[in-house]
Number of protein chains: 2
Amino acid sequence: MSTDRVLITYLLTLSAGESVEEKARTIASEQTVELPDGSYPKDVGERVVGRVEELSQLSGTLWRVTISYWPGLIESAVPQLLNVLFGNISMLQGIVVSDVELPDELLSTYPGPRFGVAGLREACDAVNRPLLCSAAKPVGLSVEQLAVRCGALARGGVDVVKDDHGVMGQAVAPFRERVQRCQQAVLDANEDTGGRTLYFPNVTAPAPQLEERITAARSAGCRGVLVSPFLLGLDTLRQLAESSGIILLVHPTFSGGLFQVGHGFTPALLFGRLLRLLGADGVIYVNAGGRFPVTAADCAEINRRLLEPLGKLRPAMPVAGGGVDVESVGEWIDRYGTELMFLIGSSLYAQPDLETATRTLVQALERHARG
Amino acid sequence: MSTDRVLITYLLTLSAGESVEEKARTIASEQTVELPDGSYPKDVGERVVGRVEELSQLSGTLWRVTISYWPGLIESAVPQLLNVLFGNISMLQGIVVSDVELPDELLSTYPGPRFGVAGLREACDAVNRPLLCSAAKPVGLSVEQLAVRCGALARGGVDVVKDDHGVMGQAVAPFRERVQRCQQAVLDANEDTGGRTLYFPNVTAPAPQLEERITAARSAGCRGVLVSPFLLGLDTLRQLAESSGIILLVHPTFSGGLFQVGHGFTPALLFGRLLRLLGADGVIYVNAGGRFPVTAADCAEINRRLLEPLGKLRPAMPVAGGGVDVESVGEWIDRYGTELMFLIGSSLYAQPDLETATRTLVQALERHARG
């Protein structure tokens, strides 16, 4: 395989009567010329149609296939990248995109995290232990009520308090007032405790408001924000990474259609590679053991890919959401190591006092990380 | 059910041991508070948690469930709408969103098509027959080569020649040069034939370029453009509908993860309702009988929903992509009626002469529409 082409690896599940060669050729054509052989100039076909580079059988009907593509299809434009990765083939069946390798020249056009793991740790002043994040929720609370919860979580000692992803621009808790009051509640708590908790407001909004909210967050002194790029379009993340100058913690809401069993992206590629390329500093994914059907192996692979060497791109912080409580946090550290952030909500809110529940968890986490 | 709430209908497939009541309550909580009962004020819960309104069994493990939501969660913001429709539940399994009814006040905040069926027909000067669209392709051709194909399709008499969805900003056919040359090729053909063919360039691009391309298309005299909102973010479509002043023909690339069998949206809701709400004038969907696994019944239901009464919103033109050729066009008209546009590519390009193939198809279509 030549390294001057884009290499995309697929896991293909064959349906009855389908041959792997046929399915691979369908992809190579569907994602490029979308026309029968012979209906375009031969030299264009040779350059543009994907080239099937490798076919290997993993089990009965499951194959791993690598197809290489002309980088000129993709260039540095995210919509062109997404279209080649999973454009029309998204409407077929039995295709999982499991890896993508870009030539260096193309890779270097992607921003990657501006802050990444080191920037987030510096902002939190925390080394050698997992970070801890929780959310001010639920949606429907007033600004005052949300600020009280931010204060309790900060007093309990989490590293980051974020808005719930469902808390966006609702009139019940208007953004500008929310960012000021919640940030103040966290600063007040820090002053009392000597802590360093950060507040990340959720800036997810239509494009015209998004920029205003980022500016308001920065003006209020926030070091980071929460954003849901699957709601906004993935290129929005790249634009924010290039221009916002603020830590970007990314939420996976609305992403589930992209990693269905047997069709879509592998979670490791989507969360571990693609979001990092586009500039996420922290990547929230749904953790095994929580409310969602994912495996711990998938999560470990997301972690690995967020942290592995990748050109000149900084590593991004894995953020395991859900499935963790005071009893299990030690096991999760044993499994995932310390280079990640835990996002914990329900197990804290289910207890009678939010601040005490948070403090107990923070202590358990520090004990296990030292141990 | 009260009409001042947002009603969302789901088709739920139960897995072993799952009860429909439990699954419905999971959705009602996951899409709103995401917290255990009792961990938020009672009045907030009563307002915010989704209310299960109706459960009806369709077959063994398949249920239809309607849940109503507080409109204050959604308001007029598309990211808030998408998050309530299919946010965190996208990461669960066995949930198909099949309908959404918005209260009038909320519905009236969505633009709907600015031109719609009537505007597209006026631009094409065509009544009482299906419209015909084809694409200048494949990606990888030069501007000159694409312009020749545009000219041939226009001389053959299609109503609309669009750029292929894969033809975006690639250096091999730069946008500004492309829009001028392709538009000129179509105007020249119209002058020779007395026809009214329109050229719609593909403006899909990162936000900063998108606006430039729309402006360039308008300057070149184009009446419409092609755009792929699943690549750009669905709110982009709404913004274009509100501000671009040009006919928006919408392509479904990258949408397939959102309508998987057993999980996602129904095609009728996604293409027939949601894209119309957001302002698509024409909605391309993959037609039955082509390269994609869809049924003719699904397609007919998309057509119906694009055209049915919906508040003050204009109907949008259904655009059936693929599966149609000179032999079958009559059957498709019998099945779908005349209020749609056919998008035909491969079956024309597979023939020796593009202009002749197009003319033969146009004649067959007109014959069947009259008959």
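Here is what the cut-offs are and how they apply
Residues numbered from 1 in each chain as written. Chains lettered and ligands numbered in written order. Predicted model: local features only at pLDDT ≥ 70, side-chain atom pairs only at ≥ 80, totals over all residues. Domains from an automatic or database assignment. Helix = DSSP H or I, 4+ residues; strand = E, 2+ residues; numbered from the N terminus. Nonpolar A, V, L, I, M, F, W, Y, C, P; charged D, E, K, R; others polar. Core = buried A, V, L, I, M, F, W, Y, C linked by C-beta atoms within 7 Å. Buried ≥ 20, exposed ≤ 12 C-beta atoms within 10 Å, placed from the backbone. Contact = placed C-beta atoms within 7 Å. Least-squares fit on C-alpha atoms with pLDDT ≥ 70 in both.

## A short note on the domain arrangement of chain A
Residues and elements named next belong to chain A. You can read the domains of chain A as domain 1 (6-107) and domain 2 (116-370). For domain 1 and domain 2, the distance between their C-alpha centres works out to 34 Å. Among the elements of the structure, α3 (78-86), β4 (95-101) and α4 (104-107) are those that each provide at least two residues to the side of domain 1 that touches domain 2. Per-element tally for the side of domain 1 that touches domain 2: the top contributor is β4, with six residues. For the side of domain 1 that touches domain 2, the class distribution of residues is nine nonpolar, four polar and two charged.

## Structural notes on the nonpolar core
If you look at the biggest cluster of nonpolar residues, it comprises 258 residues, and the most contacted ones within it are A:C150, A:V225, A:L248, B:C150, B:V225 and B:L248. Each residue touching A:V225, except ones within four places of it in the same chain, is listed here: A:F200, A:P201, A:V203, A:I214, A:A217, A:I246, A:L248 and A:L249.

## A short note on the environment of B:L274
For B:L274, the location among the structural elements is in helix α11 (residues 267-278). Given 24 C-beta atoms within 10 Å, B:L274 falls into the buried group.

## Looking at the interface of chain A and chain B
Contacts between the two partners involve 65 residues from chain A and, on the opposite side, 65 residues from chain B. Among the secondary structure elements, those contributing two or more residues to the side of chain A that touches chain B are α2 (42-48), α3, α9 (229-232), α10 (234-243), β11 (263-265) and α14 (346-349) of chain A. Looking at the side of chain A that touches chain B element by element, the count peaks at six residues for α3(A). Here the side of chain A that touches chain B is composed, by residue class, of 33 nonpolar, 26 polar and six charged.

## A short note on the relation of the copies chain A and chain B
With an axial shift of 0.0 Å and an RMSD of 0.0 Å, the rotation relating chain A to chain B amounts to 180°. Both copies are brought into coincidence by an operation consistent with a two-fold rotation axis. Residue A:G233 of chain A places its C-alpha closer to the rotation axis than any other residue of that unit, at 1.9 Å. With an isologous cut-off of 70% or more, the 100% of interface residues of chain A that recur at the interface of chain B puts this contact in the isologous class.

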